[in-house]
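Tertiary structure, described
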Protein chains: 2
Amino acid sequence: MEILANFCPIVSTNMKIMLRSFVILVCLSFFTANANAQLQWKEVEPGIWKATAGVPEKITLLSVANVTPAKNALQQLPAAQFPLAKDEITSRVVDGKVYLKFPLVKEEELFGLGLNFKTVAQRGRVSQLHMDHYGGKDDGRTHAPVPFYVSSRGYGVLIDAARYITVYAGSAVRVDSKNPPELMDRNTNKNWDSSPYSDAVEILVPASGVDIYIFGGPTAMNAVQRYNLFNGGGYLPPKWGLGFTQRVPTLYSQSDILREANEFEAHNFPLDFIGVEPGWHSMAYPCTFEWDATRFPDPKGFINSLLQKGIRANLWLNPYVSPKSSLYPKVKPFSGSHTVWNGIVTDFTIPEARNIFKEHFIKNHISLGVSGYKMDENDGYDKWLWPDVATFPSGTSAEQMRQIYGLQMQKMTDEWYREQNQRTYGLVRASNAGASNLPYVIYNDYYSHPDFITALVNSSFIGVLWTPEVRASKSAEEWVRRMQSVCFSPMAMLNAWADGTKPWSFPEVEKAVQEVATLRMRLLPYLYSTFAQYHFEGKPPFRSMNLVDGFAYAPQVTAGKLDATLNPYEAKTKSDLKDQYMMGDNILVAPVFAGEKSRKVYLPAGKWYDFYTGKLAGENQVITVQAELEKIPLFVRDGGLVPMVPARRQAPKAGEVLPLEVRVYGTAPGTFTLYDDDGTTFNFEKGAYNKVELKSANRSMSAPANGKPFGYDKKVTWTFMTK
Amino acid sequence: MEILANFCPIVSTNMKIMLRSFVILVCLSFFTANANAQLQWKEVEPGIWKATAGVPEKITLLSVANVTPAKNALQQLPAAQFPLAKDEITSRVVDGKVYLKFPLVKEEELFGLGLNFKTVAQRGRVSQLHMDHYGGKDDGRTHAPVPFYVSSRGYGVLIDAARYITVYAGSAVRVDSKNPPELMDRNTNKNWDSSPYSDAVEILVPASGVDIYIFGGPTAMNAVQRYNLFNGGGYLPPKWGLGFTQRVPTLYSQSDILREANEFEAHNFPLDFIGVEPGWHSMAYPCTFEWDATRFPDPKGFINSLLQKGIRANLWLNPYVSPKSSLYPKVKPFSGSHTVWNGIVTDFTIPEARNIFKEHFIKNHISLGVSGYKMDENDGYDKWLWPDVATFPSGTSAEQMRQIYGLQMQKMTDEWYREQNQRTYGLVRASNAGASNLPYVIYNDYYSHPDFITALVNSSFIGVLWTPEVRASKSAEEWVRRMQSVCFSPMAMLNAWADGTKPWSFPEVEKAVQEVATLRMRLLPYLYSTFAQYHFEGKPPFRSMNLVDGFAYAPQVTAGKLDATLNPYEAKTKSDLKDQYMMGDNILVAPVFAGEKSRKVYLPAGKWYDFYTGKLAGENQVITVQAELEKIPLFVRDGGLVPMVPARRQAPKAGEVLPLEVRVYGTAPGTFTLYDDDGTTFNFEKGAYNKVELKSANRSMSAPANGKPFGYDKKVTWTFMTK
């Protein structure tokens, strides 16, 4: 079009629009004529294939994330074959939409398809992936509607479109199916099934075209690794990001916050960073992004005072710009047609708009020492977000904008911190495909403790991090249970913005809460190495059991009992394993929820040991564990090594050298790759890190490279937990 | 395209597709260039205006319903002005979608937008109108996702597209709004509102174009009348359709059903028609549409035996054709790409497909005396319905097919019965715009009694009928309460398909249940006249209070209380009147739900009287009534006449002459138009009916026309209920 315009500089705007339409439409008609063409698969990275259906859009998830594949790491993975029969993958472009079909076989299970809160296994489900507050139903409306699924057969499929994609994950049945379900008469056959067998995933992409990626295995974990590495590898948080964080009540002033920090010290409770909630803005909802002079008379002094205590500040915001903000007149020309809470919505796909924000944020926050942001409400909620009829100056549609908004904000702010060679670690409520290497953890308001754990399990399939944050609780029991699980998540956070809770809000469990927070601090070497694995190998730090080698969960199908109102279709139910997960390679976490006195734990193959006692917990079996209030059940694999440091309140500073204790579980010989670096910069990306090998068989640690950061004593204490 | 093809008969299929695409796309580009053109409104019927945005599709809701406006009746309505400022209605066509905007003013309320179950007032809500099982949330997914709304200011708007239309009913706020909301700082202003004021309805229609209709008032009722009359007027059921109906357990044989009919007689319980559930099919889910020879060895004899008892048979079906059906090979070429429960999905937009069904149904059911159908599962449920990637031989998209399937089935079967000059009255689970004159009542499995009443209220805005059917209950109290309200609905139905319940299942309330069913029978003259009003004047028989002259409900807004997890946005709540309604002009129905000992009733202006006692209940006020278990609270307006007949078990047969009692309430003089006809044929459409005027002032009834059916004694008993 621009070429055409150059040739005819005097054409009117209307003519231009007509010409553009004509060119686009002739292209479309070409693709319509080729609607049923076989997809052409090209191996773009080792074990990663790409094909294009129709004419993809300019704005896609990966274009926004602008990912740089971790090529070297991808080459280290086992070789993968193209996992499906190519002629069984079909695509059609009909009326400007892409119809895709991928084959499935019996016993195959599917995972992913957005950050689900109630289900792990996705086969047989239908989702329309749509950025939104999670609303209590796994229907695709969620904070990370990532159009990526992983098969138990060891491959993954990504649909790279910033659109409301509908996925029939083995629910639709075609007349011409090769493996049709059995015909049954519901009148007479008790086995009649309301959801007959389907042998395909079918996908509707409401876009003129789309790039499709297939990630090979051979294992499901390998497919996930490829996905994460294709996105640049998982994000390695700064060490302080793995410490404890408290978010203070909305209207806390700088002196309130400093007092809060002192209280943490008095309670000897870990604290690495503090979340400053809306009150720091001179106006919020919409936001000014400017310090409120009454509550924060001296932002620089305030942040310095915190830093002197070893505490970083994280600032809450939502993206809607208040007319009272100095940013407003600057970004107005780059904003959409609709307001959110009276704030304008900046079109961050436009570089100038990003630059206006960058300048303001660096000058007013980052240069003062602000460590990061909590970016709220970019997921939207239909009632107050921009509607799908909104328009944006870049021409990006409202639908695309909704799918990418959080992703774009992550990418933008990440770049600012990278330019400072400073790692950030913050919170975001909206993410999508391509986010593996972005420094944010997802959260929401939904607050079901069991469902929060299911979200943590599901986050591992789709390259995002999730925190089951704690706010308030109805009882001391619930409080300690929530605190325990958040300490075994990507971000150990208490969010007191509305409730004003403190870790010690329930005195009867203060000690137990303090212990689990301290345990997290003691586990930092293990946790940091696990995140390094996310970065260098693409393995998610917190992971579904379904990604563990040697683990096979056989779901139980229960026949539906006819009930005219509760189950008129006699729908069968299938059990789903969604309340336990792995932290890294060695530690199995089995959270307990308030009211539970015991729980079942599905152990992967081999022997597993109690983390606390080192005793054998089970071997190739499902165990039932008694739920001691003071402890979250943790199990370690046979030969599992767990490097730990002494109890401490904060992550170590660069240059600090800590004593190392390595716990050894079981009797099999084990190794562990202990990772370390300076903990705060991106120098590790240029090789400034150490990976040393711990071996239990000879109680050895390999020598760290000289001149590269390594914060542990070379003399290791070996603790053999299993007698 | 066909013209082009005629010019070049030798073009290849690919060439044809390219040519067609080219022609379509050149047209589209023309409309894209005119994207912002002002809509041109044309008055197509008195007080009904139409405009077209873009290029409408061939398959739309009204094209399927193929409505014939009731022109004469429309001319009787009060004159209406175009209700909005034309320049404030805008349309744009962007990327093959239509964006629409309609203005709103303060205090304006909106109703309709699909069959909602929890909310009546729609302003501030967002819905994507999508045919579906109702899932417990008013989000647009429902059995009648009618894209029509009615304003309290006295106009209606219909978007005639068979698409998933998203409606922002006064939720979206534009930067360029003429009436922007007030800017507030949430940090400091307690009045901050998470849903700021919006002055527009905005609508996204995912279609290349659409016809838009505006229905003038001056009142909201007038707008609804125009809508219904535009659709041909409301459907007038046969008299027997207003009697009681029992649906029998799935596998009941013909002898079981005859035994059931005898039991109703023994219990002296009304019964006009019986619903025969899936067991009549030789195979069901999918269906054969053929009688099962073991359970129904003699269908003709069976139906005759029922008819001799004055009872009609209604057959259950769902539309999915079993491979075991004789219909299967015939309709296969006219079926879609996907199966539902292994049954093929006939493309009823193709006349040949409809004819195949017609021939089979008339020969095997209707000619035997089958009175109608219950057409199940045409609403779909994502997990087992055809997916949105399905294709159909007519080229109708899966999305369109989903929006119209139930509507098309209603229209098709209605035509068969019209050809027989025989009125039918049945059940359907999917409807849409254009259905006012179709002979079906909507039902579902959702089964919340209060929400069923809200659906009944909402049905009045959108030209559909709804029954709060009874299945089972947890207690005798719930049973009688449900029975009471279903007797004050379009279809008095007990659906025992799964539960095997009988009206007398709770012996302790048998008498109360029998009394309310008998009261319905006694009210037939009133009820039938009320349905005639639906037909001739377009007034819904069961109607929201918001459609009543002199009624003004002032909702109460309650400030939101901050709760970090339950209400993090401090969302305000607004009360909604959704549990009372009018049956016709005179009777206000205030159902009571199990557990309630009393309830509030909002009376319209003037004096209102207790139906049972004739005593003054209140005047211009909200009253609290005690909830006697045996009676559903009913109130009659001052001067309200209620014509009744003596207790009976069945609707009168043609030619029967019944004694008439007219109850008179209050002291104001009143009139009532009593309607009668033969009760079963369409002869009334050719004038074979009587409307007589009853006047309480002089206790008179005007003379019925000779030679036209009139089934009442000319000597009327006048009962003045108010002493």
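Residues numbered from 1 in each chain as written. Chains lettered and ligands numbered in written order. Predicted model: local features only at pLDDT ≥ 70, side-chain atom pairs only at ≥ 80, totals over all residues. Heavy atoms only, no water.

In the annotation of an unreviewed UniProt entry, the entry for chain A reads Alpha-D-xyloside xylohydrolase, and the organism field reads Chitinophaga niabensis. Regarding chain A, the UniProt comment filed under Sequence similarities (unreviewed entry) reads as follows: "Belongs to the glycosyl hydrolase 31 family." (UniProt positions renumbered as here; feature names shortened; annotations may be inferred.)

With respect to the overall build of chain A
Looking only at helices and strands, one finds 14 helices and 39 strands in chain A. Computed over its C-alpha atoms, the radius of gyration of chain A comes to 26 Å, within 12% of the 27 Å expected for a compact globule of 723 residues. Here the C-alpha coordinates of chain A stretch approximately 70 × 70 × 60 Å along the principal axes. The buried share of chain A, reckoned over its 723 residues, is 65%. Considering only intrachain contacts with a sequence separation of at least 6, the fraction spanning at least 24 residues in chain A is 73%. (Helix = DSSP H or I, 4+ residues; strand = E, 2+ residues; numbered from the N terminus. Rg over C-alpha atoms; globule rule 2.2 N^0.38 Å. Buried < 20%, exposed > 50% of the residue type's maximum accessible area, 1.4 Å probe, protein only. Contact = heavy atoms within 4.5 Å.)

Here we look at the side chain of B:Glu570
Counting through the fold element by element, B:Glu570 comes out in the loop between strand 25 (557-558) and strand 26 (573-574). With a relative accessible area of 18%, B:Glu570 lands in the buried category.

A word on the pattern of salt bridges
If you walk through the whole model with that rule in mind, you get 80 salt bridges over all chains. The closest approach of N and O atoms between A:Glu277 and A:Lys374, which form a salt bridge, is 3.4 Å. In this pair, A:Glu277 is assigned in the loop between strand 15 (273-276) and helix 7 (299-308) and A:Lys374 in strand 19 (residues 372-375), connecting sequence segments 97 residues apart. What makes A:Glu277 buried here is its relative accessible area of 2%. We classify A:Lys374 as buried; its relative accessible area is 3%. Between B:Arg402 and B:Asp382 there is a salt bridge whose closest N-O contact spans 2.6 Å. Here B:Asp382 lies in the loop between strand 19 (372-375) and helix 10 (398-419) and B:Arg402 lies in helix 10, a separation of 20 residues in the sequence. Assessed through its relative accessible area of 2%, B:Arg402 is described here as buried. (Salt bridge = Lys/Arg side-chain N within 4 Å of Asp/Glu carboxyl O.)

Topic: the interface of chain B and chain A
Contacts between the two partners involve 87 residues from chain B and, on the opposite side, 87 residues from chain A. Of the roughly 7200 Å² buried between chain B and chain A on both sides combined, carbon and sulfur atoms contribute 60%. A salt bridge links B:Glu399 to A:Lys97; the nearest nitrogen and oxygen atoms lie 3.5 Å apart. Our count for the chain B to chain A interface comes out at 32 residue pairs in polar contact (both at pLDDT 80 or more). For the side of chain B that touches chain A, the secondary-structure elements that each account for two or more residues are helix 2 (13-33), strand 4 (97-103), strand 6 (125-131), strand 11 (173-174), strand 12 (200-205) and strand 17 (335-340) of chain B. With 11 residues, helix 2 of chain B is the largest single contributor of residues to the side of chain B that touches chain A. In terms of residue class, the side of chain B that touches chain A is built from 40 nonpolar, 25 polar and 22 charged. Relative to strand 17 of chain B, strand 11 (residues 173-174) of chain A is paired through two bridges, and the arrangement is antiparallel. (Buried area = accessible area lost by both parts, 1.4 Å probe. Polar contact = N/O pair within 3.5 Å; in protein donor to acceptor, adjacent residues only side chain to side chain. Nonpolar A, V, L, I, M, F, W, Y, C, P; charged D, E, K, R; others polar. Pairing = 2+ DSSP bridges.)

Things to note about helix 12 (residues 476-486) of chain B
All names here are of chain B. Within helix 12, 10 of the 11 residues are buried, which leaves the element mostly enclosed by the surrounding structure. Buried residues of helix 12: Ala476, Glu478, Trp479, Val480, Arg481, Arg482, Met483, Gln484, Ser485 and Val486, and no others. Looking at the packing, one finds that the buried side of helix 12 touches strand 14 (244-247), helix 11 (449-459), strand 23 (492-495), helix 13 (510-522) and strand 27 (581-583).

Description of the relation of the copies chain B and chain A
In the superposition of chain B on chain A (RMSD 0.0 Å, axial shift 0.0 Å), the rotation amounts to 180°. Taken together, the rotation and translation describe the operation of a two-fold axis. Both copies share a contact surface, since 100% of the interface residues of chain B are interface residues in chain A too. (Least-squares fit on C-alpha atoms with pLDDT ≥ 70 in both.)

Focus on the packing of helix 9 (residues 351-364) of chain B against helix 10 of chain B
Residues and elements named next belong to chain B. At a minimum axis distance of 11 Å, the contact between helix 9 and helix 10 shows a crossing angle of 50°. By the angle between their axes, helix 9 is oblique relative to helix 10. Where helix 9 crosses over helix 10, the two elements pack in a sense that is right-handed. Contact residues: helix 9 offers Arg354, Phe357, Lys358, Phe361 and Ile362, while helix 10 offers Gln408, Met412, Trp416 and Glu419. The residue makeup of the contact of helix 9 with helix 10, split by class, is five nonpolar, one polar and three charged. (Axes fitted to C-alpha atoms, helices over the stretch in contact; angles between N-to-C directions. Parallel < 35°, antiparallel > 145°, perpendicular 65-115°, else oblique. Left-handed = near helix turned anticlockwise from the far one by under 90°.)

Some remarks on the sheet that holds strand 13 (residues 209-215) of chain A
All names here are of chain A. Taken together, six strands build an open sheet; the order of strands is 1-2-13-9-8-5 and the sheet is antiparallel. The open sheet has two edge strands with one neighbour each: strand 1 (42-45) and strand 5 (110-112). Adjacent strand axes in the sheet meet at a mean angle of 30° when their direction is disregarded. Bridge count for strand 8 (residues 148-151) against strand 9 (residues 155-160) is four bridges, and the pairing is antiparallel. Looking across to strand 9, one finds that Phe148 is bridged to Leu158.

Let's talk about unusual backbone geometry
Cis peptide bonds are those with omega within 30 degrees of zero, and the linkage from A:Tyr285 to A:Pro286 qualifies with 5°. Cis geometry is found at the peptide bond from B:Gly217 to B:Pro218, where omega equals 15°. On the secondary structure map, B:Pro218 appears in the loop between strand 13 (209-215) and helix 5 (220-230). Residues other than glycine seldom take positive phi values, yet B:Asn66 does so here, at roughly 50°.

Some details on helix 7 of chain A
When we look at burial in helix 7 of chain A, the residues that qualify are A:Pro299, A:Gly301, A:Phe302, A:Ile303 and A:Leu306. Tucked inside the fold, the buried residues of helix 7 of chain A contact helix 6 (254-266), strand 15 and strand 16 (312-317) of chain A.

Some points on the UniProt feature "domain: Glycoside hydrolase family 31 N-terminal" (unreviewed entry) in chain A
According to UniProt, the feature "domain: Glycoside hydrolase family 31 N-terminal" (unreviewed entry) maps to residues 97-164 of chain A in the numbering used here. With 0% helix and 43% strand, residues 97-164 of chain A has end C-alpha atoms that lie 11 Å from one another.

As for the environment of B:Met582
Residues and elements named next belong to chain B. Within the secondary structure layout, Met582 lies in strand 27. The class of Met582 is buried, set by a relative accessible area of 0%. Among all residues touching Met582, those that are not within four sequence positions of it are Pro541, Phe542, Arg543, Met545, Val548, Ile587, Leu588, Trp608 and Arg637.

What about the UniProt feature "domain: Glycosyl hydrolase family 31 C-terminal" (unreviewed entry) in chain A?
UniProt tags residues 572-640 of chain A as "domain: Glycosyl hydrolase family 31 C-terminal" (unreviewed entry). Between the end C-alpha atoms of residues 572-640 of chain A there is a gap of 39 Å, over a span that is 0% helix and 43% strand.

Observations concerning the pairing of strand 15 (residues 273-276) of chain B
All names here are of chain B. Residues of strand 15 alternate between two faces, with Phe273 and Gly275 on one and Ile274 and Val276 on the opposite face, all of them buried. Inspection of the sheet shows strand 14 paired to strand 15 by three bridges, in the parallel sense. Bridge assignment links Thr245 to a residue of strand 15, and that residue is Phe273. Crossover handedness for the path strand 14 to helix 6 (residues 254-266) to strand 15: right-handed. (Right-handed = clockwise from strand over helix to strand, strands pointing away.)

Quick notes on the packing of aromatic side chains
Two measures describe an aromatic ring pair: the distance that separates the ring centres and the angle between the ring planes. Per the counting criterion, the structure on display carries 113 aromatic pairs over all chains. Relative to A:Phe264, the ring of A:Phe244 has its centre 6.4 Å away and its plane inclined at 35°; by these criteria the two rings are tilted. Residue A:Phe244 is located in strand 14 (residues 244-247), and its partner A:Phe264 is located in helix 6; the two are separated by 20 residues in the primary sequence. By relative accessible area, A:Phe264 is classed as buried at 0%. Each ring, one from A:Trp384 and one from B:Tyr569, has its centre 4.5 Å from the other, and the planes form 50°; the classification is tilted. Of this pair, A:Trp384 sits in the loop between strand 19 and helix 10 (398-419) while B:Tyr569 sits in the loop between strand 25 and strand 26, placing the two residues on different chains. (Phe/Tyr/Trp six-rings, centres within 6.5 Å; stacked < 30°, edge-to-face > 60°.)

A look at the sheet that holds strand 37 (residues 689-695) of chain B
Residues and elements named next belong to chain B. Here we have three strands laid out as an open sheet, ordered 36-37-38, and antiparallel in their pairing. The open sheet is flanked by strand 36 (671-677) and strand 38 (700-701), the only strands paired with a single partner. In the packing of helix 14 (residues 524-537) onto the sheet, contacts are made with strand 36 and strand 37, and the angle to strand 36 comes to roughly 85°.

Considering the environment of B:Ser460
Residue and element names in this part refer to chain B. Relative to the helices and strands, Ser460 is located in the loop between helix 11 and strand 22 (465-466). Along the sequence, Ser460 and Asn314 sit 146 residues apart, while their C-alpha atoms lie 25 Å from each other. Look past the residues within four positions of Ser460 in its chain and what remains in contact with it is Val224, Pro540, Phe542, Arg543, Ser544 and Leu547. There is a polar contact of 3.0 Å between the side chain of Ser460 and the backbone nitrogen of Ser544.

Regarding the confidence of the model for chain A
All names here are of chain A. Overall, the prediction assigns chain A a mean pLDDT of 94, with 95% of residues at 70 or greater. Of the regions scoring below 50 in pLDDT, residues 1-34 engages in 36 contacts with residues more than four places distant in sequence or in other chains. Scoring of the predicted complex yields 0.95 for pTM and 0.94 for ipTM. (pLDDT = per-residue confidence, 0-100.)

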